Amino acid sequence: MIGENHYLITNNALNEHLNGDALDFVASSNIDSDKIEEENKYNIFKPYNAPQHFNKTTKEEGLEFLENAKEVVIDDLIEASKTDDDDLYKQALYDFGRLSHCIQDFYSHTNWINQTGGIVRVWNEDIINPNIDNPDNLKTTDYSWFSQLLDKINPFFKMYAESHYDSLYEGSSKTSHYTMNKDEKGSLADVLFEKNEGVSGFNLALEDSMLHTEQKWEEVLDEAKDEITNEEYNNLIQNLEDFEIDEDEFDENKETYRKNFEEDMDELN
Ligand SMILES: [Zn+2]
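Anyway, here's the lowdown on the structure attached to this text. Predicted model only: the values in this text are computed from it and were never measured. (Residues numbered from 1 in each chain as written. Predicted model: local features only at pLDDT ≥ 70, side-chain atom pairs only at ≥ 80, totals over all residues.)

Here we come to the overall build of the protein. Along the protein, the regular secondary structure elements total 14 helices and two strands. Here the protein has a C-alpha radius of gyration of 19 Å; the compact-globule value for 269 residues is 18 Å, and the two agree. Overall size of the protein, expressed as C-alpha extent along the three principal axes, is 60 × 40 × 30 Å. Residues counted as buried form 40% of the 269 residues belonging to the protein. (Helix = DSSP H or I, 4+ residues; strand = E, 2+ residues; numbered from the N terminus. Rg over C-alpha atoms; globule rule 2.2 N^0.38 Å. Buried ≥ 20, exposed ≤ 12 C-beta atoms within 10 Å, placed from the backbone.)

Before going further, it helps to examine the nonpolar core. By size, the foremost hydrophobic cluster in this structure holds 53 residues, and its most contacted members are Val 26, Val 73, Leu 77, Leu 93, Phe 96 and Cys 102. Per-element tally for this core: the top contributor is helix α5 (residues 86-109), with ten residues. Not counting residues up to four positions away in its chain, the partners in contact with Phe 96 are Val 26, Val 73, Trp 217 and Val 220. (Core = buried A, V, L, I, M, F, W, Y, C linked by C-beta atoms within 7 Å. Contact = placed C-beta atoms within 7 Å.)

The subject of this paragraph is helix α11 (residues 188-197). When α11 is considered as a whole, its buried residues turn out to be Ala 189, Asp 190, Leu 192 and Phe 193. Projection of α11 onto a plane perpendicular to its axis shows the buried side chains occupying an angular sector of 165°, all on one side. Close packing links the buried residues of α11 with α6 (112-116), α8 (157-163), α9 (165-169), α10 (177-180) and α12 (201-225). Phi turns positive one or two residues past the end of α11, at Gly 198, with a value near 85°. (Arc of directions from axis to C-beta.)

Let's shift gears to the packing of helix α4 (residues 59-81) against α5. For the pair α4 and α5, the least separation of the axes is 9 Å and the interaxial angle reads 160°. With respect to their mutual orientation, α4 and α5 come out roughly antiparallel. Considering only the axes of α4 and α5, their crossing is left-handed. Contact residues: Gly 62, Phe 65, Leu 66, Ala 69, Lys 70, Val 72, Val 73, Asp 76, Leu 77, Glu 79 and Ala 80 in α4; Leu 88, Tyr 89, Gln 91, Ala 92, Asp 95, Phe 96, Arg 98, Leu 99, Cys 102, Ile 103 and Phe 106 in α5. Among the residues forming the contact of α4 with α5, the class breakdown is 15 nonpolar, two polar and five charged. (Axes fitted to C-alpha atoms, helices over the stretch in contact; angles between N-to-C directions. Parallel < 35°, antiparallel > 145°, perpendicular 65-115°, else oblique. Left-handed = near helix turned anticlockwise from the far one by under 90°. Nonpolar A, V, L, I, M, F, W, Y, C, P; charged D, E, K, R; others polar.)

The subject of this paragraph is unusual backbone geometry. With a phi angle near 50°, Phe 54 is a residue other than glycine that sits in the positive phi range. Structurally, Phe 54 is set in the loop between α3 (50-53) and α4. Since 28 C-beta atoms lie within 10 Å of it, Phe 54 is described here as buried. Positive phi values are uncommon outside glycine, yet Lys 56 reaches one of about 55°. Topologically, Lys 56 is positioned in the loop between α3 and α4.

Accessibility expressed as a C-beta count within 10 Å gives 18 for Lys 56, which makes it partly exposed. Expressed as a C-alpha distance, the spacing of Lys 56 and Ser 33, which sit 23 residues apart in the sequence, is 16 Å. Ignoring any residue separated from it by four or fewer positions in sequence, one finds Lys 56 in contact with Ala 50, Asp 142 and Tyr 143.

On to the environment of Val 73, then. Assignment of secondary structure puts Val 73 in helix α4. Accessibility expressed as a C-beta count within 10 Å gives 29 for Val 73, which makes it buried. The spatial distance from the C-alpha of Val 73 to the C-alpha of Phe 96 is 5.9 Å, given a sequence separation of 23 residues.

Now the structure itself:
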């Protein structure tokens with residue numbers, strides 16, 4: 001998804017769960033996943049975090065990222081619940097932003113939508129997935145900045161994609177990011193999907209992502225609740241309700257949030 005869609009999805013998914021400041025903060029954290037890649041584009045020491053975006057990766061690696069990120073969020077929520085330390089709440093919400101980015105990119109960077117045939121269905125994150133007929137057919141996009149550019153500027157590529165529609169989204173062959181992504185309305189994959197299925201693939205990705213993001217938030221809160229006392233849980237909810245942040249605070253402290261998140265993720269690997 002492109003930044004403005006991550007923002008839209010995150011806000012819509014969580015607006016019954018978080019106040020305005022917390023929503024903004026989670027959305028900024030979500031979009032930070034792409035900002036990091038942009039900043040490190042030419043830094044060979046910081047390779048592209050493929051599983052974070054379900055790009056140029058496998059479903060197993062993407063799944064591992066999701067599982068680990070969820071654990072990091074829950075651990076930080078638990079730690080926060082035992083204190084009134086604002087920084088711990090900020091870190092937990094930052095972690096959730098990064099987790100939600102991965103969920104949302106799943107729907108735009110895999111053939112999940114193509115396989116569900118125009119019905120809104122949330123991925124249940126099992127490798128063996130009962131939500132689609134043939135789980136082995138689930139594939140992720142192949143991505144490189146250069147190949148994406150080549151596909152885009154090649155005048156015959158669109159024609160090729162149109163005439164090979166079915167085979168592009170079936171089987172285990174690689175499909176380029178340009179042909180697969182439903183990052184925004186009007187992407188090639190969105191246009192092809194609508195032509196074949198009668199509904200916008202991007203709209204489906206948007207709806208699935210919103211449902212999944214909301215479910216994930218409820219899931220992490222529930223799992224944290226199981227591991228803390230009632231008093232701690234009430235404290236957690238109260239602190240989230242009272243969450244406040246100054247406008248510049250995200251940018252000023254993002255290096256710390258990033259570092260803490262990455263360190264916690266590395267520990268789980
Ligand atoms: Zn992304």
